[in-house]
Structure formats: C-alpha cells, structure tokens
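# Residue-level structural notes
If you want the building blocks of each chain, they are given just below.
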Amino acid sequence: MSELMVALVQASEKAANIARSCRQEETLFSLLIEEKKNDNRKVSADFKTLADVLVQEVIKHDIGKRFPGLENNIFGEETNEFMNGLGERIQVVVCEREEDTARLLSKVLDGNMQAAEALASAAHQDIIIPNLHTGSIHIPIHDLGVWVDPIDSTFQYIKGMSNCVPEDSIYSRGLQCVTVLIGVYDLQTGEPVMGVINQPFAVMDDSKRWRGRFFWGISAGPLSVNSLSSTTEPLSRGDSQNPVDPNPEVRAAKLSAVLSTREVKRVRALFQDCCERGVYYASGAGYKALCVILGLVDVYVFTEDSTYKWDSCGPHAILRSLGGDMADLKECLKRKQAGRPNERPELLYNTPVAEASGTEKWANRGGLIAYRSKADLEAVLQLLTTIEL
Ligand SMILES: [Mg+2]
C-alpha cells in the first residue's frame, strides 16, 4: 500500500506541474478560462479551467494505470467535458501517447498546438519521488475510494497574485492558497485513510519561478505515519506552549483559529473577541486545513455548508495521522447540547446528503472543524454554544 501513497504523491506533483505551467503563460491562461455554470451557488467567482479538468484526468489516468480498477472509484467535482471557442464539446482525457493527448488538447485550445504540446508534455512527464518511508499497510484496493480536488481555491489560482504578504506565516490570499488535494477513504466505513496536500506555489525563488511542496499522511487502523516530522516547518505553536486547561472557556481564550473569508459575521466577531492568540482569514479549504496541519493555528472552523468531500478528505487523513481530526461541526454541537460528550462525529466520505442533487450531494452540510487536539475541539464547541448558529 505504500506504493499507492507514492502514486498519489506522484500524481499530485504532476498536477502541480500542470498548474504551474498553465500560470506561466498568460495567453494560454486567458484562453483556458471558462466561467463555471451557476451551480456553485455560494462561490460567485469560481472558474472552471482546462487545468482543473486536465489535472483531474491525469490523476485518474496515472492511478488507474498503477492500480487497475481504482480509477472507477476516483471522484471529484469536475466533469471532463470542456467547451472550446467554437462551442464544441470535447471530452478531455489523457491518452496513452503524448502526441495523442496533445492533438486532443489542441481541439480544446482552438488549434493552438504549441500550448497543447506544452500541456501534454507536463501531463506525460515522469515524476520521480524519493522513498516516502510509509511503512507497510495492507488495505485491499477494492475497498478504497478517492476524492480529488484538482485545484482548490480556483479563484486565487485565476487571480494569480504572487506578491501577497503573510501574517504570521499565513497567507490570506494569493497563489500560496492554491492546493491540489487527494484523499483516499474506506468505501465501507467512509473513514479517510490517506491524504496528500500539494501546494504548487509555495515559494518563489530568486529567478522568479515558483517552487511547490507536498505533505502526506496515512491513518489506517493502528498505523499513523506522515511527512510532517521531516519538514523544516516551525513546530506546532499549539500544545507545547498551550497546556491543556480543563476549563473550555479558558482554553478558548488561548486558541488561534483560521476562518473562511466567507464566514458569517457573528462567528467572526465571536472568535475575534475570544481568541487571544489570533484569528486569521485565508482562502481555500485545503490551505486552511494545511495551516492547522503545520501548527500555524490550532483550529480551522467553518459554520457554512459550502465545502465538499473533495475539499476535506485529503487534509482530514493527514490530520488523523497527527492525532487530530475533522468533525461535523453542527452534529458535534447537537451532541454536546444533548449531553453526549463522547459523541463527536467526524466527517465521512461515502454517504451523500439525502435529498440533495448534483454537487450538493457531497457538501459537508454541518460545516466543519479541523483540529489537532481534542481539547481545542471542546473549546470551540463551548464557544459556539454562546451564539445562535
Ligand atoms: Mg475546492
């Protein structure tokens, strides 16, 4: 199963390469943007890009090639249909041969062969990943499903700001908020087991080229392993400097949190009033979860229902490998109010929302909270019981 983790990281690196190459050519980039149909009701400025579609297909193709059958259980937001300037609908797929992929892409690109060849080259590039030291895990492939978000925070990707300044290492916007998310879950239990977060635009080097980085984690039965111990990230500002106080109210005051720029006003006000250690705002569900994973903040809280399974599955698996979790916020609040302290339902990935249709079937309806420490979860729940949600 460690081979699957390697394949996921490889696919995410290829995806990151495609995302970077698309950004580097402005003319190509403007060609690719096609406004998303109005089905994404809350994200007004979201776009469907060819990069999005191509990345998703590359991930399907590469993982399916290594693990036949698994490609049928890879799910995401995007369909592979793309409309070109002539109004022709084209199914974007990765072909066996690079030249065939280029020819297909040139149709989407209204005959721009140069651009098509550049994209096809990125889609067919061999990626070499060093040994990940995952240890050995044995999960039958047919028990697994995969959620993919090819480019999370598409809005920031399209805006393409490269000169944003972080606050305490947290970017509220800009290309740093863009992530490629791949999460593997157990089809039977719905629990996340493996995840990758790839950040294609992590640092700009001296020659003005972007360099990326990736993080992975596995949480399967007794095995918890991840890439975090070997990174040079600052260590958690959380538990070591923030000893557990049994009183959730005191604990809440010591929290730091990252919130969505789309969070409702009274929740923003509540956190700003109570969390002495800082409230930050950032774009991208994947990026906000990454801030928790890296220990830049204690929690990521979102009370709205506009994140989806493909946004949370990968980060959730990594959080679990760190001893944290991602829970259904409103379900947790209900259980707390009903006096059931042992029930803190986490997000699951195999069950659609009843009576919803389209992408809404896979919404995280109850909102979410991402955390590394259970005491922080309790502190947030305590805090949120003081307002009407
Ligand atoms: Mg997303």
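About the thresholds
- Residues numbered from 1 in each chain as written.
- Predicted model: local features only at pLDDT ≥ 70, side-chain atom pairs only at ≥ 80, totals over all residues.
- Heavy atoms only, no water.
- Axes fitted to C-alpha atoms, helices over the stretch in contact; angles between N-to-C directions.
- Helix = DSSP H or I, 4+ residues; strand = E, 2+ residues; numbered from the N terminus.
- Parallel < 35°, antiparallel > 145°, perpendicular 65-115°, else oblique.
- Contact = heavy atoms within 4.5 Å.
- Nonpolar A, V, L, I, M, F, W, Y, C, P; charged D, E, K, R; others polar.
- Buried < 20%, exposed > 50% of the residue type's maximum accessible area, 1.4 Å probe, protein only.
- Polar contact = N/O pair within 3.5 Å; in protein donor to acceptor, adjacent residues only side chain to side chain.
- Pairing = 2+ DSSP bridges.
- pLDDT = per-residue confidence, 0-100.

### Some details on the packing of helix α11 (residues 329–337) against helix α12 (residues 374–384)
Axis separation between α11 and α12 bottoms out at 10 Å; the angle between their running directions is 75°. Relative to α12, the element α11 is oriented roughly perpendicular. Touching L329, C332, L333 and K336 of α11 are L381, Q382 and L384, all from α12. The residue makeup of the contact of α11 with α12, split by class, is five nonpolar, one polar and one charged.

### Observations concerning unusual backbone geometry
Positive phi values are uncommon outside glycine, yet H133 reaches one of about 50°. Counting through the fold element by element, H133 comes out in the loop between α5 (113–124) and β6 (144–152).

### Topic: the side chain of S283
Within the fold, S283 resides in the loop between β12 (279–282) and α9 (285–293). Judged by relative accessible area, which is 10%, S283 ranks as buried. At 3.3 Å, the side chain of S283 forms a polar contact with the side chain of Q156. Setting aside residues no more than four positions away along its own chain, S283 makes contact with S153, Q156, S172, R173, C177 and K288.

### As for helix α4 (residues 98–108)
Taken as a whole, α4 has its buried residues at T101, A102, L104, L105, S106 and V108. Against the buried residues of α4 lie α3 (50–66), β4 (81–83), β5 (89–91) and α5. Where α4 ends, the next residue or the one after it, D110, has phi of about 50°, a positive value.

### Things to note about the sheet that holds strand β11 (residues 257–260)
Across the sheet, which stays open at both edges, the five strands sit in the order β12-β11-β13-β15-β14 with mixed pairing between neighbours. Strands with a single pairing partner mark the edges of an open sheet, and in this sheet they are β12 and β14 (325–328). This sheet shows a mean twist of 20° between the axes of neighbouring strands, independent of strand direction. Judged from the three bridges that link them, β11 and strand β13 (residues 299–302) form a sheet pairing that is parallel. Residue pairing in the sheet places A257 in a bridge with V299 of β13. Where helix α10 (residues 309–321) meets the sheet, it contacts β14 and β15 (368–371), and its direction lies at approximately 125° from that of β14.

### Some points on the confidence of the model for the protein chain
Overall, the predicted model of the protein chain reaches an average pLDDT of 87, with 89% of residues at or above 70. Contacts for the low-pLDDT stretch residues 34–47, under 50 throughout, to residues beyond four places or in other chains number 29 contacts. Below pLDDT 50 for its whole length, residues 230–241 participates in 19 contacts with residues either more than four positions away or in separate chains.

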